[in-house]
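# Notes for the structure review
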Amino acid sequence: CPQPCPCPCPIPTAAKAGDPKKEEEEEEEEEIDIDLSAPETERAALAIQGKFRKFQRRKKEPGP
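Remember, predicted model here, so these are calculated numbers, not experimental data.

## Re the overall build of the protein chain
Of the regular secondary structure elements, the protein chain holds three helices and zero strands. Listing every helix and strand of the protein chain by position from the N terminus yields α-α-α. Just so you have it, the protein chain exposes about 6600 Å², and 56% of that area is on carbon and sulfur atoms.

## Here's the deal with the packing of aromatic side chains
Pairs of aromatic rings are described using the distance from one ring centre to the other and the angle between the two planes. With the rule as written, the count across this model stands at one aromatic pair. Arranged with centres 6.4 Å apart and planes meeting at 35°, the rings of Phe-52 and Phe-55 form a pair that is tilted. Here the residue Phe-52 and the residue Phe-55 both occupy positions in helix H3 (residues 39-60), the gap between them amounting to three residues, near one helical turn. A relative accessible area of 49% means that Phe-52 is categorised as partly exposed. Given a relative accessible area of 47%, Phe-55 falls into the partly exposed group.

## Observations regarding a nonpolar patch on the surface
A cluster of nonpolar side chains, namely Ile-32, Ile-34 and Leu-36, defines an oily patch on the protein surface of about 370 Å² accessible area. In this structure, Ile-32 sits in the loop between helix H2 (20-27) and H3.

## Notes on the environment of Thr-41
Inspection of the secondary structure assignment puts Thr-41 in helix H3. The contacts of Thr-41, once residues within four sequence positions are left out, are Ile-34, Asp-35 and Leu-36.

## Description of a positive patch on the surface
The grouping of Lys-51, Arg-53, Lys-54, Arg-57 and Arg-58 at the surface amounts to a positive patch. We classify Lys-54 as partly exposed; its relative accessible area is 39%.

## Looking at the confidence of the model for the protein chain
Mean pLDDT over the protein chain works out to 76, with 55% of the residues at or above the 70 mark. Across the protein chain, the secondary-structure element scoring lowest on mean pLDDT is helix H1 (residues 14-17), at 50, and the one scoring highest is H3, at 95.

Conventions and cut-offs
- All residue numbers here refer to positions counted from 1 along the written sequence of the relevant chain.
- Selection of residues for local features in this predicted model requires a pLDDT of at least 70, selection of side-chain atom pairs for listing and counting requires 80 or more, and totals for whole chains, interfaces and linings are taken over all residues.
- Only heavy atoms go into the side-chain values, all of them from the structure, while hydrogens and water stay out.
- By the criteria applied, helices consist of DSSP H or I runs no shorter than four residues and strands consist of E runs no shorter than two, each listed in order from the N terminus.
- Note that accessible areas follow from Shrake-Rupley with a 1.4 Å probe, and for residues the cover is restricted to the protein chains shown.
- Stacked, tilted and edge-to-face are the three classes applied to pairs of Phe, Tyr and Trp rings, where Trp contributes its six-membered ring and a pair requires centres within 6.5 Å; stacked means planes under 30 degrees apart, edge-to-face means over 60, and tilted covers the rest.
- The buried label goes to any residue with under 20% of its type's maximum accessible area, the exposed label to any with over 50%, and the partly exposed label to all in between, with areas taken from a 1.4 Å probe on protein chains only.
- Patches were defined on residues exceeding 30% relative accessible area and lacking a salt bridge, with like-charge contacts within 9 Å and nonpolar side-chain contacts (Val, Leu, Ile, Met, Phe, Trp, Tyr) within 5 Å.
- Here a salt bridge means any side-chain nitrogen of Lys or Arg lying within 4 Å of a carboxyl oxygen belonging to Asp or Glu.
- Whether two residues are in contact is decided by their heavy atoms: any pair within 4.5 Å suffices.
- Charged residues are defined narrowly, with Lys and Arg counted positive, Asp and Glu counted negative, and His plus the chain ends left uncounted.
- To locate a charge, take atom NZ for lysine, CZ for arginine, CG for aspartate or CD for glutamate.
- Known as pLDDT, the predictor's confidence for each residue is given on a scale from 0 to 100.

The structure is reproduced here in structure tokens:
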């Protein structure tokens, strides 16, 4: 919506797009330190990859 409205629009309004406070908050990202060689990190990555591959296979299959 180009006008400010109560609906949850994915498109930012002109007032929101020019808000300097929002831009500063987005630039200040918290740095996350993850040990990529840790065994639990590897297990989590494999689990996520497996779920994603399953999702992709189901997406390609034609529906009933």
